[in-house]
Amino acid sequence: MLNATRAASGTIIAEPEPIDLDWSATALVIIDMQRDFMEPGGFGETLGNDVGQLARAVLPIASVLMAARDRGMLVIHTREGHLPDLSDAPPAKVARGAPSLRIGDPGPMGRILIRGEAGHDIIPELYPVEGEIVIDKPGKGAFHATALGDILQKHGIDNLLVCGVTTEVCVNTTVREANDRGYRCVVISDGCASYFPEFHEMGLKMIKAQGGIFGWVADSDAVLEAMQAETSNSNLAAGASR
Ligand code: TIU
């Protein structure tokens, strides 16, 4: 339930401690909510994973995404994938392990983890709308070999709300680098998921341990509560100055 008194100033009730954000300098970053990770027949399943483990993140992300759209917040979606000629795919990534299909092989949703294929695209429930930024990334982190750093700088962003899949791989890699680049990152706990529930738990614990060594962790209700309180405050302030 939303409770404006708990987050009266737009502060997010987060762990290890509440965090007060400048919302005009805050972006929502949604990591790799692609069919290749979320649906049967994609990259995630070829690695031997139960893709059903990730579905729980969709509704919490959708609720924060709607609130972010309502308030005109910068929204960035990322997609992991490679060029059709695999020129941006390190052989060490393509050749490793014993997946049922390798990156670039034809699968039921097109070539595995290749840009432009159906499996590479974002799931319909979270599909980007006009004006939202889509970052195509060849790696696990969203900064490596992308324009994300420049885009955040251009928009005057200091803080990131981060969600998506998987918690311990692409979300953690991105948050660690964002933290090094000076961004305050609030990771939305129920808006992330892993094929391994225990890695999800530990992936979140790693972020918030040691006084928030990489960032903060809050659930989607806490984020929504803070966004709503901040919007109410802005409206009150606008009313008072009329
Ligand atoms: N396999 C796995 O857990 N994740 C990835 O390969 N990429 C992302 O996390 N997006």
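The shown structure was predicted, so the numbers you read here are calculated from the model rather than taken from an experiment.

*Asks:* Could you clarify how one ought to interpret the overall build of the protein in this entry?
*Replies:* When helices and strands are tallied, the protein shows 8 helices and 8 strands. Taken against the 2.2 N^0.38 rule, which gives 18 Å for 242 residues, the C-alpha radius of gyration of the protein at 18 Å falls within 12% of a compact globule. Seen through its principal axes, the protein has C-alpha atoms that stretch 60 × 35 × 30 Å. Counting only contacts in the protein whose residues sit at least 6 apart along the sequence, the fraction spanning at least 24 positions is 75%. With an accessible surface of roughly 10,900 Å², the protein has 54% of that area assigned to carbon and sulfur atoms.

*Asks:* Just checking my understanding: could you explain helix 3 (residues 58-70) for this structure?
*Replies:* Each full turn of the α-helix corresponds to 3.6 residues, which orients residues three or four apart in the same direction. The end-to-end C-alpha distance of helix 3 is 18 Å, a good match for the 18 Å that 13 residues give at a rise of 1.5 Å each. If you check which residues of helix 3 are buried, you get Val58, Pro60, Ile61, Ala62, Val64, Leu65, Ala67 and Ala68. Looking one or two residues beyond helix 3, the residue adopting positive phi is glycine 72, at roughly 70 degrees.

*Asks:* Any chance you could explain the site of the ligand here in plain terms?
*Replies:* Close to the ligand lie Asp32, Phe37, Phe43, Leu47, Glu80, Lys140, Val165, Thr166, Val169, Cys170 and Tyr195, which account for all nearby residues. In the model, a nitrogen atom of the ligand is placed 3.1 Å from a nitrogen or oxygen of the valine 165 main chain. Backbone polar atom of cysteine 170 to an oxygen atom of the ligand: 3.1 Å apart, as the coordinates give it. Its free accessible area being 280 Å², the ligand has 93% of it covered by the protein chains. Taken together, the residues of the shell around the ligand sort by class into 7 nonpolar, 1 polar and 3 charged.

*Asks:* Before we go on, may I ask you to explain the layout of surface pockets in this structure?
*Replies:* The gaps of empty space that remain are located by a probe, the size of a water molecule, rolled over the atoms. The calculated volume of the largest pocket comes to roughly 400 Å³. Phe43, Leu47, Asn49, Lys140 and Val169 are the residues nearest the centre of the largest pocket, which is lined by 26 residues in total. Every element with two or more residues in the lining of the largest pocket is listed here: helix 2 (43-46), helix 4 (91-94) and helix 6 (167-180). Of the residues belonging to the lining of the largest pocket, the class tally is 13 nonpolar, 6 polar and 7 charged.

*Asks:* Can you walk me through the nonpolar core in this structure?
*Replies:* Note that soluble globular proteins tend to have their nonpolar side chains buried in a common cluster. If you look at the biggest cluster of nonpolar residues, it comprises 46 residues, and the most contacted ones within it are Ile12, Leu28, Met33, Leu126 and Leu161. Contributions of two or more residues to this core are made by strand 1 (26-31), helix 1 (35-38), helix 3, strand 6 (159-165), strand 7 (184-193), strand 8 (216-218) and helix 8 (220-240). Per-element tally for this core: the top contributor is helix 3, with 7 residues. Sequence-distant contacts of leucine 161, defined by excluding residues within four places in its chain, comprise Ile12, Leu21, Trp23, Thr26, Ala27, Leu28, Val29, Met73, Val186, Ile188 and Val223. Membership of the second largest hydrophobic core comes to 27 residues, among which are Ala27, Ile135, Val162 and Val217.

*Asks:* What's the story with the environment of isoleucine 12 in this structure? I'm lost.
*Replies:* Structurally, isoleucine 12 can be placed in the segment before strand 1. Spatially, the C-alpha atom of isoleucine 12 lies 24 Å from that of serine 194, the residues being 182 residues apart in sequence. Not counting residues within four places of it along the chain, the set of residues in contact with isoleucine 12 comprises Pro18, Ile19, Leu21, Trp23, Leu161, Val186, Ala218, Ala222, Val223 and Ala226.

*Asks:* Even after reading the chapter, I still don't get the pairing of strand 6, so can you show me in this structure?
*Replies:* The side chains of a regular strand alternate between both faces of the sheet. Taken across its 7 residues, strand 6 has 7 buried, putting it largely inside the fold. Across the two faces of strand 6 the burial is the same, with Asn159, Leu161, Cys163 and Val165 and Leu160, Val162 and Gly164 all buried. Two strands pair when backbone bridges link them, and strand 1 and strand 6 are joined in this way by 6 bridges, in the parallel orientation. What sits directly across from alanine 27, in strand 6, is leucine 160. Bridge count between strand 6 and strand 7: 6 bridges; the pairing is parallel. Residue leucine 160 lies in a different strand from strand 7, and its bridge partner there is cysteine 185. On the question of chirality, the crossover connecting strand 6 to the parallel strand 7 by way of helix 6 is right-handed.

Cut-offs used in this document
Residues numbered from 1 in each chain as written. Predicted model: local features only at pLDDT ≥ 70, side-chain atom pairs only at ≥ 80, totals over all residues. Heavy atoms only, no water. Helix = DSSP H or I, 4+ residues; strand = E, 2+ residues; numbered from the N terminus. Rg over C-alpha atoms; globule rule 2.2 N^0.38 Å. Contact = heavy atoms within 4.5 Å. Areas by Shrake-Rupley, 256 points an atom, 1.4 Å probe, with all protein chains shown as cover. Expected span 1.5 Å × (residues − 1). Buried < 20%, exposed > 50% of the residue type's maximum accessible area, 1.4 Å probe, protein only. Near = heavy atom within 4 Å. Polar contact = N/O pair within 3.5 Å; in protein donor to acceptor, adjacent residues only side chain to side chain. Nonpolar A, V, L, I, M, F, W, Y, C, P; charged D, E, K, R; others polar. 1 Å grid on protein atoms, 1.4 Å probe; cavity = no way out; pocket = protein on both sides within 12 Å on 5 of 7 lines; lining within 4 Å. Points joined across faces, edges and corners; volume = space filled by probe spheres on them. Core = buried A, V, L, I, M, F, W, Y, C linked by side-chain atoms within 4.5 Å. Pairing = 2+ DSSP bridges. Right-handed = clockwise from strand over helix to strand, strands pointing away.

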